[in-house]
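One letter stands for each residue in the lines below.
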Amino acid sequence: MPALHQDTLFTVDGSKPRGSVLRQKGTIKLIVILSGLLFAMWGYLLFGATLFLLVETYVAAEKINTSVVEIHLERQNLLDKLEKIPPINVTNISCTLNRNAIQIEIQNYEDFLFGMMKKIGKASQKHWTYDSSLLFAASLITTVGYGHIYPATNFGRLLTIAYSCVGIPLFLVCIAILGTIMARGFKAAAVHLFGSSVTESGVAYIPLKVSASVMIIYLLIGAFLFQQGGKWGFFESFYFCFITLSTIGLGDYVYGEKNGGKDANFVFNVFYILFGLSVLSMCFNLMQEQVTYLLHQLIVFMKEKVERIVFCLTNRSK
Amino acid sequence: MNKKVGREQQEQEARKRVTLKKKKGKDKDESERGTAKLLVALGGLLLAMWGYVLFGATVFVIIEKKEKSERKPATILEIKLVDTLEDIHLKHTAAVNTSEYRREVDKAMQQFKDEIVKQVESGELVTGGDENEWSYESSLLFSATLVTTVGYGNIAPVTSPGRLFTIAYSCVGIPLTLVCIAILGTIMARGFKALALFLFEDSVTEEGIAFIPIKVSAGVMFAYLFIGALLFRAVEPTWTFLEAFYFCFITLSTIGLGDFVYGEGRTTDSNFVVSVFYLMFGLSVLSMCFSLMQEQVTFLLHHYLSLLLRKAKQYWKF
């Protein structure tokens, strides 16, 4: 039989509803726990935003100063190297520089610059605002991890690790409970609207198509909202929503970035992620029940087939 | 007489075995049957998963490799710098090593650096060794970061068909990987518990089920991170141990910020494949630890909540 955590909404013969959603297996208990957890999660996000902002703008400032010195030193090195390159076409009157060799040295210097910029570029103070820091904290606990900014110091990195160790489980628990509650609500609504046509042996089953559609609709809504009046195409916006909600979070598109200094959009991004992941959790909840049920049916079916074949074979060999 | 004693002994032992079985629960029988089923399913899934990642890598190489000519602008800046250096050289042909010569060269290079920084920050320039950007190995890592949702973002598709394929590819790949890793984790958890039972007998059991303390599970996770850090530190000399540890953590938590990516900027791409193996196996180990910790947490929560409830009831009786 399907998993034990099925919520039976109906009595066994499928006729009468057993009771409202609220009376079901401690929904109220769950809601109380959830409220507490959500409160804790938001508090944790805000705390994290402040913490990272402080660390990266004060502590990192040190690191940036030292890196300026490093760049300066590297430039001196380059100068020395360039001087060592012997000129070509030396005649009594003139000599020309070895352009190719010089260009190669310049390219090495370039790579060094790129490396430096990678390490500290996203730590400069103009990147770390409260809103971008909030998105950073959210990207950690949701594991989306855009990488739109990241810590430049080892202390910042240690903090990131510690923060995530607590934040990720906290978030996962929140989302799991939220998803369960939303799933119950969804099923209750379905039952209320469509009666017993969605039930089977007393349990409501939401077809996979429906759960999948809910997810797609949420993506489409986001795609529509994030177009920013043409800054992103519809497809790019959709791509961003998908990469975000799947928690892949490549970071090639980040809503709120490069928005002319107006950082409010980072916060909107955070909300979209948090709510979206709850919706996803609900859909996965619903789909998982359905898939388990279907798989079980499939296995039973195949078992019967195999048994029949074996029986035929053994009987024939007699 | 001996036979009788022998038979009695046998019966006693049989009874002990039965009670032991009852103690260890139907759980043990079920788990043995279940484990065999799981192993078969797992074998198939692992094959599918690896095949899928390889397939993705091939497709991404085909779709995205055409776009490698994006880096031209940097060459323009380089040539400009070389021209400037030539001009300076001509100006000072007589006395090449004067301080004024050095000053002018230094100024030219500073301008070059500022221009590079500006263009990188505005996104006009693409950093890194783009010649091999979409090599087979880096595409392999990219596919792996999609299906595991790590999503470094060190490379990302820039073409529309590339993005479309990313979405479709992830829709199938993520559930596939999740299921695979979950099953792998379950099997490893059972193996781990069996090992613990074998080594420490009944001291780890309670009501017939082995409970691995949270400390132990956490210890295993930490050990995997630590070993990974040592490994990566050894083969990537530009990283400190802390940075390597940070990289392992950010990768295995699937946050994947992308500030550190093992194998980036090297000419031999075989390193990317190491990352993929570390990631995949690490996620299974993580799954195993979460499985073990979850049981423990559920048990403890239940235990303490019922304790609390009992105390509360006693209190209210007054």
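Residues numbered from 1 in each chain as written. Chains lettered and ligands numbered in written order. Predicted model: local features only at pLDDT ≥ 70, side-chain atom pairs only at ≥ 80, totals over all residues. Heavy atoms only, no water.

**What about the interface of chain A and chain B?**
Item 1. Counting residues at the interface gives 57 residues for chain A, matched by 61 residues for chain B.
Item 2. Together chain A and chain B conceal approximately 5,000 Å² of surface at their shared face, both sides included; 67% is due to carbon and sulfur atoms.
Item 3. The interface formed by chain A and chain B includes one salt bridge.
Item 4. Between Arg 157 of chain A and Glu 243 of chain B there is a salt bridge whose closest N-O contact spans 3.4 Å.
Item 5. Counting across the interface, chain A meets chain B through five residue pairs in polar contact (both at pLDDT 80 or more).
Item 6. Elements with a contribution of two residues or more to the side of chain A that touches chain B: α1 (27–84), α2 (99–120), α3 (130–141), α4 (154–194) and α6 (234–245) of chain A.
Item 7. With 13 residues, the single largest contributor to the side of chain A that touches chain B is α2 of chain A.
Item 8. Residue composition of the side of chain A that touches chain B, by class: 30 nonpolar, 15 polar and 12 charged. (Contact = heavy atoms within 4.5 Å. Buried area = accessible area lost by both parts, 1.4 Å probe. Salt bridge = Lys/Arg side-chain N within 4 Å of Asp/Glu carboxyl O. Polar contact = N/O pair within 3.5 Å; in protein donor to acceptor, adjacent residues only side chain to side chain. Helix = DSSP H or I, 4+ residues; strand = E, 2+ residues; numbered from the N terminus. Nonpolar A, V, L, I, M, F, W, Y, C, P; charged D, E, K, R; others polar.)

**Some remarks on the UniProt feature "transmembrane region" (unreviewed entry) in chain A**
Residues and elements named next belong to chain A.
Item 1. Taking the UniProt record as the reference, the feature "transmembrane region" (unreviewed entry) is found at residues 30–55, 128–149, 161–183, 204–226, 232–254 and 266–287.
Item 2. As annotated, residues 161–183 has a helix share of 100% and a strand share of 0%, and its two end C-alpha atoms lie 32 Å apart.
Item 3. Structurally, residues 266–287 is divided into 100% helix and 0% strand, and its ends, taken at the C-alpha atoms, are 31 Å apart. (UniProt positions renumbered as here; feature names shortened; annotations may be inferred.)

**Regarding unusual backbone geometry**
Peptide bonds are mostly trans, and most non-glycine residues show a negative phi.
Item 1. Although it is not a glycine, Thr 143 of chain A sits at a positive phi angle of roughly 60 degrees.
Item 2. Its place among the elements puts Thr 143 of chain A in the loop between α3 and α4.
Item 3. Look at Thr 149 of chain B: it is not a glycine, yet its phi comes out positive at around 60 degrees.
Item 4. With respect to the helices and strands, Thr 149 of chain B occurs in the loop between α5 (136–147) and α6 (160–200).
Item 5. Judged by its relative accessible area of 10%, Thr 149 of chain B is buried. (Buried < 20%, exposed > 50% of the residue type's maximum accessible area, 1.4 Å probe, protein only.)

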